[in-house]
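Architecture and fold: a report
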Amino acid sequence: MAKAIIAKGVPLTIKEHDAIVSKIKDKAAEAHAEMLASEKLVPLGHVVAVTGDGTDDAPALHEADIGLAMGTQGTEVAEVSSDIIILDDNFASVVREAFSIVVYKYRK
């Protein structure tokens with residue numbers, strides 16, 4: 001049986017609590033949407049590229065055809081789960097690398 005962990009902290013107001021819960025729900029919805037895209041599009045023959053920088057992005061990075069982790073601000077979990085680590089966190093680099101992989105690996 002698991003033991004409960006009790007942590008003491010500063011009490012939150014209802015407004016602060018609601019703001020935190022809202023952020024958690026938003027992050028969970030984002031992660032679910034990314035996974036859903038991979039699960040639905042890959043079997044149809046589409047090439048799916050996903051970018052991410054956090055632990056919550058790791059499942060989608062792993063499942064995508066092309067997982068691109070943002071290296072400057074990214075977590076190690078995101079980097080390990082991805083195919084490519086974008087070291088400059090520049091969107092132009094993301095597009096260039098994803099396009100290069102599609103041309104090299106997926107062209108018929």
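Look up: the structure comes first, before these words.
The model shown is predicted, which means the values in this text are computed figures rather than measured ones. (Residues numbered from 1 in each chain as written. Predicted model: local features only at pLDDT ≥ 70, side-chain atom pairs only at ≥ 80, totals over all residues. Heavy atoms only, no water.)

Describing the environment of Ala-58
Here Ala-58 lies in helix 2 (residues 58-63). Here Ala-58 falls in the buried class, since its relative accessible area comes to 7%. Placed 11 residues apart in sequence, Ala-58 and Ala-69 show a C-alpha to C-alpha distance of 8.9 Å. Aside from chain neighbours lying at most four places away, what touches Ala-58 is Val-77 and Ser-81. (Helix = DSSP H or I, 4+ residues; strand = E, 2+ residues; numbered from the N terminus. Buried < 20%, exposed > 50% of the residue type's maximum accessible area, 1.4 Å probe, protein only. Contact = heavy atoms within 4.5 Å.)

With respect to the pairing of strand 1 (residues 49-52)
By the alternation rule, side chains of strand 1 split into Val-50 and Gly-52, which are all buried, and Ala-49 and Thr-51, of which none is buried. Of the strand pairs in this sheet, strand 1 and strand 2 (residues 66-70) are connected by 4 bridges, and their pairing is parallel. Along strand 2, the bridge assignment pairs Thr-51 with Leu-68. For the handedness criterion, the β-α-β arrangement of strand 1, helix 2 and strand 2 is classed as right-handed. (Pairing = 2+ DSSP bridges. Right-handed = clockwise from strand over helix to strand, strands pointing away.)

What to know about the sheet that holds strand 2
Strands sit in the order 1-2-3 across an open sheet of 3 strands; the sheet is parallel. Strands with a single pairing partner mark the edges of an open sheet, and in this sheet they are strand 1 and strand 3 (84-86). Going across the sheet, the axis of each strand differs from the next one's by a mean of 25°, ignoring polarity. Alignment of strand 2 against strand 3, held across 3 bridges, turns out to be parallel. Counterpart to Ala-69 in the pairing with strand 3 is Ile-85. (Axes fitted to C-alpha atoms, helices over the stretch in contact; angles between N-to-C directions.)

Observations concerning the nonpolar core
Ile-66, Leu-68, Met-70, Ile-84, Ile-86, Val-94, Ala-98 and Ile-101 together form the largest nonpolar core, which totals 8 residues. Mapped by element, the contributors of at least two residues to this core are strand 2, strand 3 and helix 4 (91-106). (Core = buried A, V, L, I, M, F, W, Y, C linked by side-chain atoms within 4.5 Å.)

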